[in-house]
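Next come the chains, spelled out residue by residue.
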Amino acid sequence: MRKYQNITLSLPKELIQKVKHIAVERNTSISALLTSLLEELVNREESYQKVYLQHLKLLEEGFDLGTGGAITWRREDLYERK
């Protein structure tokens, strides 16, 4: 079972009125609406952090380019001049 904790927010009255309308349209409460939005934010941040760390690991490991570490070409070979 989830445990809940109350918090106090200070928001502009105009914003609160708009949020109330959105909550009514979605047949939910402001609390449930905010919970959903905050969970979505946390999930996105956690997903981003996971992918970020995966990419850092890839960069640290490096990539096998099949050259054995030797550069076998010259810049002039890569770019055709006209």
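None of the values given here were measured: they were computed from a predicted structure.

(A) Highlighting helix α1 (residues 13-25). Its 13 residues give α1 an end-to-end C-alpha distance of 19 Å, which sits within 8% of 18 Å, the value for a rise of 1.5 Å per residue. N27 sits one or two residues past α1 and shows a positive phi near 55 degrees.

(B) View of the packing of aromatic side chains. As enumerated under the stated definition, the model contains one aromatic pair in all. Seen from their ring centres, Y48 and Y52 are 6.1 Å apart, and the 20 degrees between their planes marks the pair as stacked. Of this pair, Y48 and Y52 both sit in helix α2 (residues 30-61), four residues apart, roughly one helical turn. Residue Y48 is classed as exposed on the basis of its relative accessible area, which comes to 53%. Residue Y52 is classed as partly exposed on the basis of its relative accessible area of 40%.

(C) Quick look at the pattern of salt bridges. A full pass over the atoms with the stated rule returns four salt bridges. One salt bridge in this structure joins R2 and E39, with 2.3 Å as the shortest N-O distance. Of this pair, R2 sits in the segment before α1 while E39 sits in helix α2; the two residues are 37 residues apart in sequence, bridging distant segments of the chain. The shortest N-O distance in the salt bridge between R44 and E40 comes to 3.0 Å. Here the residue R44 and the residue E40 both occupy positions in helix α2, the gap between them amounting to four residues, near one helical turn.

Procedures and definitions
Residues numbered from 1 in each chain as written. Predicted model: local features only at pLDDT ≥ 70, side-chain atom pairs only at ≥ 80, totals over all residues. Heavy atoms only, no water. Helix = DSSP H or I, 4+ residues; strand = E, 2+ residues; numbered from the N terminus. Expected span 1.5 Å × (residues − 1). Phe/Tyr/Trp six-rings, centres within 6.5 Å; stacked < 30°, edge-to-face > 60°. Buried < 20%, exposed > 50% of the residue type's maximum accessible area, 1.4 Å probe, protein only. Salt bridge = Lys/Arg side-chain N within 4 Å of Asp/Glu carboxyl O.

By themselves, these are just geometric observations and shouldn't be taken as functional.
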